[in-house]
Amino acid sequence: MHRTDRRDRLRDQETYVSIPDDELDATTGEYELSERQALRRVPGLSTELTDVTEVEYRQLRLERVVLVGVWTEGTLLDAENSLTELAALAETAGSQVLEGLIQRRNRPDPATYIGRGKVDDLSSVVLSAGADTVICDGELSPSQLRNLEQRTKVKVVDRTALILDIFAQHAKSKEGRAQVELAQLEYLLPRLRGWGETLSRQTGGSGRGGGAGGGVGVRGPGETKLETDRRRIRHRIARLRREIKAMRTVRETKRARRTRNAVPAVAIAGYTNAGKSSLLNRLTGAGVLVEDALFATLDPTIRRSTTSDGRVYTLSDTVGFVRHLPHQIVEAFRSTLEEVAEADLVVHVVDGAHPDPEEQVRAVREVLGEVGADRLPELLVVNKIDAADEETLLRLKRLWPEAVFVSAHSGRGIDDLRETIERRLPRPAVEMRVVLPYDRGDLVARLHRQGEVLSTAHLPEGTMLHVRVNEALAAELVPYHDTAQAARVAR
């Protein structure tokens, strides 16, 4: 939609800030970043609950928010880190965070999440702060959402809905948008309800004559708008699943082509905002969007790279993970996450400047286990060493002695990372010497691209190469295998 038209439509509700294109860094996906920052939400008029169903309501309008968390296990620092992350998620969604509250309980209250007595305290904080939304650091049941909204008189959103909203804002590709919509609808369906006290009647009627929409055979109470919404959502979910299945077939075909050509695959995985896209840009010059925000990039990016000895491999950037990542997201993005499961090496990026990097690693490995990628070779890469303190880096080096420490921002350690990736790439299994006629330059190029060339010699009858290749390519080279010539050259 054109920027001016959009402003006209929403001028009574929100204010926007325009950021000039020439102020943006041209190395960080400048066009996509410019588009994302062209209309930036600024605190404006508060919103109120109206008599709508959640179909309209799930288009979240987050502005001035109060955060609420329940501390059930771990230390107080763990609870504070979780709420700090929730604040970052809320700001990424376009909110202004006003207050943050933590309630100590053995388990969340089944009726109100924080306990009936504390709801009154929460209502007082909401009123005094002038908030229009409460965000809870957990996944709430429909009854918890309803009870909290009735008591606080403002909109209540849980962590899952917040993450889904961010995904909906940032998804760009057709597959990404379909995956996000599927996740939203699957989350929404069991929570669908009317938000007002009344339910509109879409069809049918009652009494003699059936009323408007009635008639022979259809007299009765009719179908509520809520029931209509449920039916439409189920139909939409079925359609999205078919579309994603078709897209998955395309992705598998491309993956099979890379496998057939024996191109090793490296997947970059890690916690959201750990610097995966920045690292991909440093390694390949990909020009992927980089923004200091959670889940800035969702759509996977695959780029080719070359080792120092000429072997080709692919590097893929994947969706970021977060603690308690909604299972709807994992299921909807399963075809994308399978890019990681099919890789030869997982480069696991950790934010070295984060208050709790060990928890980040645990959360990422948990999601990798859900998609079957926990069995793959893993290379830990601690990023942002220019922003981390020395004490933290020393502790992490003792904890992860095999990790590579880099700064994607300044470039420190990038050369070491390239060398380490090259060493960890799978090497072809078959070693042989072949003599290729000089008119088979195409085959020589394939050997450099798909295999490992150990030595080269030029003979009168052709080019002799000592190579290490996969079994399929070795079978093609059998006619050029010259044992006697290879033995003479070896002597």
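Quantities reported herein were computed from a predicted structural model and do not represent experimental measurements.

S.K.: Hey, could you run me through the overall build of the protein in this one?
M.R.: Per the secondary structure count, the protein includes 18 helices and 15 strands. Of all 491 residues assigned to the protein, the portion counted as buried reaches 49%. The long-range share in the protein, meaning contacts at least 24 apart out of those at least 6 apart in sequence, stands at 69%. Summing over all exposed atoms, the protein offers an accessible surface of approximately 24,300 Å²; the carbon and sulfur share of this is 49%.

S.K.: Sorry if this is basic, but what is going on with the nonpolar core here?
M.R.: Generally speaking, soluble globular proteins have nonpolar side chains that are buried together. Ranked by internal contacts, the top residues of the largest apolar core, which has 91 residues, are Leu279, Phe321, Val347, Leu417 and Ile421. At seven residues, helix α8 (residues 174-188) tops the list of elements feeding residues into this core. Other than its neighbours up to four places away in sequence, isoleucine 421 contacts Val266, Leu283, Tyr313, Leu345, Val347 and Leu379. One finds Met432, Leu443, Val467 and Leu473 within the second-largest nonpolar core, a separate group that totals 13 residues.

S.K.: I would appreciate a short explanation of the environment of valine 319 in the present structure.
M.R.: Tracing the backbone through its elements, the reader meets valine 319 in the loop between β9 (312-317) and α11 (327-332). Overall, valine 319 belongs to the buried group, its relative accessible area being 3%.

S.K.: How should the sheet that holds strand β14 (residues 452-459) be read in this particular structure?
M.R.: In a beta sheet, neighbouring strands pair by backbone hydrogen bonds and run either parallel or antiparallel. Here three strands make up an open sheet; going across it, the order is β13-β15-β14 and the pairing antiparallel. The open sheet is flanked by β13 (430-436) and β14, the only strands paired with a single partner. For this sheet, the mean inter-axis angle between neighbouring strands, taken without regard to orientation, is 15°. Summarising the sheet, β13 and strand β15 (residues 462-469) pair through seven bridges and their orientation is antiparallel. The residue of β15 that forms the bridge with valine 434 is leucine 465.

S.K.: Even after reading the chapter, I still don't get the packing of aromatic side chains, so can you show me in this structure?
M.R.: The relation between two aromatic rings is expressed through the spacing of the ring centres and the mutual angle of the planes. Counted according to the given criterion, the structure contains zero aromatic pairs. Just above the ring of tryptophan 71 sits the side chain of arginine 104; from NZ or CZ to the centre is 4.2 Å. When the ring centre of phenylalanine 405 is taken as origin, the NZ or CZ atom of lysine 397, which lies over that ring, is 5.4 Å away.

S.K.: Mind showing me how you'd approach the sheet that holds strand β7 (residues 265-270) here?
M.R.: What the six strands build is an open sheet, ordered β8-β9-β7-β10-β11-β12; its pairing is mixed. With partners counted over all chains shown, the strands left at the sheet margins are β8 (301-306) and β12 (404-405), one partner each. Here five bridges tie β7 to strand β10 (residues 345-351), and the two strands are oriented parallel to one another. Residue pairing for β10: alanine 269 is matched across the bridge by histidine 348. Each of β7, β9, β10, β11 (378-383) and β12 is contacted by helix α15 (residues 414-424), which is oriented at about 175° to β11, the strand it contacts most.

S.K.: Help me understand the pairing of β11 in this model?
M.R.: Side-chain direction in a regular strand flips from residue to residue, so the side chains alternate between the two faces of the sheet. Of all six residues making up β11, five are buried, and the element is well covered by its neighbours. Crossover connection from β10 via helix α13 (residues 357-370) to parallel β11: handedness right-handed. Two elements, β11 and β12, share two bridges in a ladder whose sense is parallel. Bridging across to β12, valine 382 finds its partner in phenylalanine 405. Where the polypeptide runs from β11 across helix α14 (residues 390-399) and back to β12, its parallel neighbour, the crossover connection is right-handed.

S.K.: Is there a simple way to think about the packing of helix α7 (residues 159-170) against α8 in this case?
M.R.: Relative placement of two packed helices is described by the angle separating their axes and the distance separating the axes. In the contact formed by α7 and α8, the axes pass within 9 Å of each other and the chain directions differ by 155°. As the angle between them shows, α7 and α8 are arranged roughly antiparallel. Where α7 crosses over α8, the two elements pack in a sense that is left-handed. Between α7 and α8, the residues in contact are Thr160, Ala161, Leu164, Asp165, Phe167 and Ala168 and Val180, Ala183, Gln184 and Tyr187, respectively. Its residues placed into classes, the contact of α7 with α8 shows seven nonpolar, two polar and one charged.

S.K.: Can you help me understand helix α4 (residues 76-92) in this one?
M.R.: Note that an α-helix has 3.6 residues per turn; residues three or four places apart therefore point the same way. In this model, α4 (17 residues) spans 24 Å end to end at C-alpha, consistent with the 24 Å of a helix rising 1.5 Å per residue. All of the buried residues along α4 are Ala79, Asn81, Ser82, Leu83, Glu85, Leu86, Ala87, Leu89, Ala90 and Thr92.

S.K.: Where do I start with the environment of leucine 122 in this structure?
M.R.: Relative to the helices and strands, leucine 122 resides in helix α5 (residues 116-129). Residue leucine 122 is classed as buried on the basis of its relative accessible area of 2%. Expressed as a C-alpha distance, the spacing of leucine 122 and threonine 152, which sit 30 residues apart in the sequence, is 7.3 Å. Residue contacts for leucine 122: discarding those within four places in its chain leaves Val66, Val68, Leu101, Ile114, Val134, Leu148 and Thr152.

S.K.: Please explain the pattern of salt bridges as it appears in this structure.
M.R.: A side chain with one charge can pair with a side chain of the opposite charge if their charged atoms come near. Applying the stated rule across the entire model yields 18 salt bridges. Between aspartate 120 and arginine 151 there is a salt bridge, with its nearest N and O atoms 3.2 Å apart. Pair noted here: aspartate 120 is in helix α5 and arginine 151 is in helix α6 (residues 142-152), with a separation of 31 residues, a long-range link. The partly exposed category is assigned to aspartate 120, whose relative accessible area is 43%.

S.K.: Hey, could you run me through α14 in this one?
M.R.: By the burial criterion, the buried members of α14 are Thr392, Leu393 and Leu396. Taken end-on, α14 shows its buried residues confined to a sector of 100°, consistent with a single buried face. Opposite its buried face, α14 presents the exposed residues Glu390, Glu391 and Arg398, each directed more than 90 degrees away. Tucked inside the fold, the buried residues of α14 contact α13, β11 and β12.

Cut-offs used in this document
Residues numbered from 1 in each chain as written. Predicted model: local features only at pLDDT ≥ 70, side-chain atom pairs only at ≥ 80, totals over all residues. Heavy atoms only, no water. Helix = DSSP H or I, 4+ residues; strand = E, 2+ residues; numbered from the N terminus. Buried < 20%, exposed > 50% of the residue type's maximum accessible area, 1.4 Å probe, protein only. Contact = heavy atoms within 4.5 Å. Areas by Shrake-Rupley, 256 points an atom, 1.4 Å probe, with all protein chains shown as cover. Core = buried A, V, L, I, M, F, W, Y, C linked by side-chain atoms within 4.5 Å. Pairing = 2+ DSSP bridges. Axes fitted to C-alpha atoms, helices over the stretch in contact; angles between N-to-C directions. Phe/Tyr/Trp six-rings, centres within 6.5 Å; stacked < 30°, edge-to-face > 60°. Lys NZ or Arg CZ within 6 Å of the ring centre and 35° of its normal. Right-handed = clockwise from strand over helix to strand, strands pointing away. Parallel < 35°, antiparallel > 145°, perpendicular 65-115°, else oblique. Left-handed = near helix turned anticlockwise from the far one by under 90°. Nonpolar A, V, L, I, M, F, W, Y, C, P; charged D, E, K, R; others polar. Expected span 1.5 Å × (residues − 1). Salt bridge = Lys/Arg side-chain N within 4 Å of Asp/Glu carboxyl O. Arc of directions from axis to C-beta.

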